[in-house]
Structures are given as C-alpha cells and as structure tokens.
Amino acid sequence: TPRTNIIIIKDDQKISGDSGGTPLALTWNQRDLESKYYDDAGIIGLAFNEITFPIGTWWVSGSCPARVYGHKSRFKNKTGYNAGTLDGTSEASSTEYNGATRSFFEGKLIFTESGSYAVEHWVSSTTAWEQPASAGVPEIYTVVKLERL
C-alpha cells in the first residue's frame, strides 16, 4: 500500500560529475527545487523553487550540503503569514580536504491558509556548494521531506 501522506522533494538533480553550483557568500541563497515524488493526490505545489502547502499540519525535514567553513540552512516562509520559518543547524567543514557537511532543518508547520516556502542556504565563503560523487548516476543535493499529520 503506498503511503499517501508523504511527499519527497529533491533539489538540484545534476548529471554525474556536476557540482551543485556556486553560492554568494554572507547572504541567504535560495536553493533550486526541481522534482516532486510520491504526491499522487497532487496536493503540494512546486514552482519557481517554492513549495506551496494546502491548509493542514505538516512535519517538514530537510538538509543542504556545503563545502565551506561555515553554513546554515532554513525553510523560509515566503508568503509572510502562516507557520513561521524552520531554522537549520549551523555547520562547518574543511575545504582543505574537500570535506562537506549538511545543515539540517526540521519541525512542524500548521497552515490555516495556503502558503509558500523555499529552502535557503547561508554560506561564509564563495565555494562550490558541494562536490559531486561522479558515480555515473545523477547527483542529488538538497532533499526535503514533507509528511501530512
């Protein structure tokens, strides 16, 4: 039986060997959101890198990778009302060894009316978001999971 209350949205599906791009330092960069999976009922909107939620209660979790000394993600309310913003963890990684870490965000959002959200990512320096695995399959970077409660 399929789970109809869970929707997965993946970001930045690049061809094998491509990085996730280069951000601007010391500002919030909006991440690309491209693909939606397991939304058979069609209740979640995805356009212009923003997710539109219907009325209801949702558990949201996600993460963004980066290969910079300091970075932080957030799930940002773009409509100015509804449920607030989910702040992610603060992370640091070593660019000297091409190391990367992920910043995670998670929490419950309650919508009394439809609202739009985006994944934003702050980085301390301008370096590629992340390095590709180059494994011969698509590179998948930021991932968002939505569950209707």
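Quick notes on the rules
- Residues numbered from 1 in each chain as written.
- Predicted model: local features only at pLDDT ≥ 70, side-chain atom pairs only at ≥ 80, totals over all residues.
- Heavy atoms only, no water.
- Salt bridge = Lys/Arg side-chain N within 4 Å of Asp/Glu carboxyl O.
- Helix = DSSP H or I, 4+ residues; strand = E, 2+ residues; numbered from the N terminus.
- Core = buried A, V, L, I, M, F, W, Y, C linked by side-chain atoms within 4.5 Å.
- Buried < 20%, exposed > 50% of the residue type's maximum accessible area, 1.4 Å probe, protein only.
- Contact = heavy atoms within 4.5 Å.
- Pairing = 2+ DSSP bridges.
- Axes fitted to C-alpha atoms, helices over the stretch in contact; angles between N-to-C directions.

(A) Representation of the pattern of salt bridges. Applying the stated criterion to the full structure yields three salt bridges. For the salt bridge of Glu 120 with Arg 74, the shortest nitrogen-to-oxygen distance reads 2.7 Å. Of the two residues, Glu 120 sits in strand S10 (residues 115–123) while Arg 74 sits in strand S7 (residues 71–77), which places them 46 residues apart along the sequence. For Glu 120, the salt bridge identified is with Lys 78, shortest N-O distance 3.0 Å. Taken as a pair, Glu 120 in strand S10 and Lys 78 in the loop between S7 and strand S8 (86–91) lie far apart in primary sequence, 42 residues in all.

(B) Main features of the nonpolar core. In this structure, Ile 51, Phe 53, Val 60, Phe 75, Val 144 and Leu 146 are the most contacted members of the largest nonpolar core, which totals 18 residues. Looking at this core, the elements with two or more residues in it are strand S1 (6–10), strand S5 (50–53), strand S6 (56–66), strand S9 (101–111), S10 and strand S11 (143–148). Those residues within four positions of Val 60 in sequence are excluded, and the remaining contacts are Phe 53, Phe 75, Leu 86, Phe 105, Glu 106, Gly 107, Leu 109, Val 144, Lys 145 and Leu 146.

(C) Just the side chain of Ser 73, in detail. Its place among the elements puts Ser 73 in strand S7. On the basis of relative accessible area, Ser 73 is assigned to the buried category, the value being 0%. Contact partners of Ser 73, with chain neighbours within four places excluded, come to Trp 28, Cys 64, Asp 87, Gly 88, Thr 89, Ser 103, Phe 104, Phe 105, Glu 120 and His 121.

(D) Structural detail: the sheet that holds S6. The strand order S3-S1-S11-S6-S9 describes an open sheet built from five strands, whose pairing is antiparallel. The outermost strands of the open sheet, each flanked by one partner alone, are strand S3 (35–37) and S9. Recorded for the sheet is a direction-independent mean angle of 15 degrees between the axes of neighbouring strands. The pairing of S1 with S11 spans five bridges and is classified as antiparallel. In the sheet register, Ile 7 faces S11, and the bridge partner there is Leu 146.

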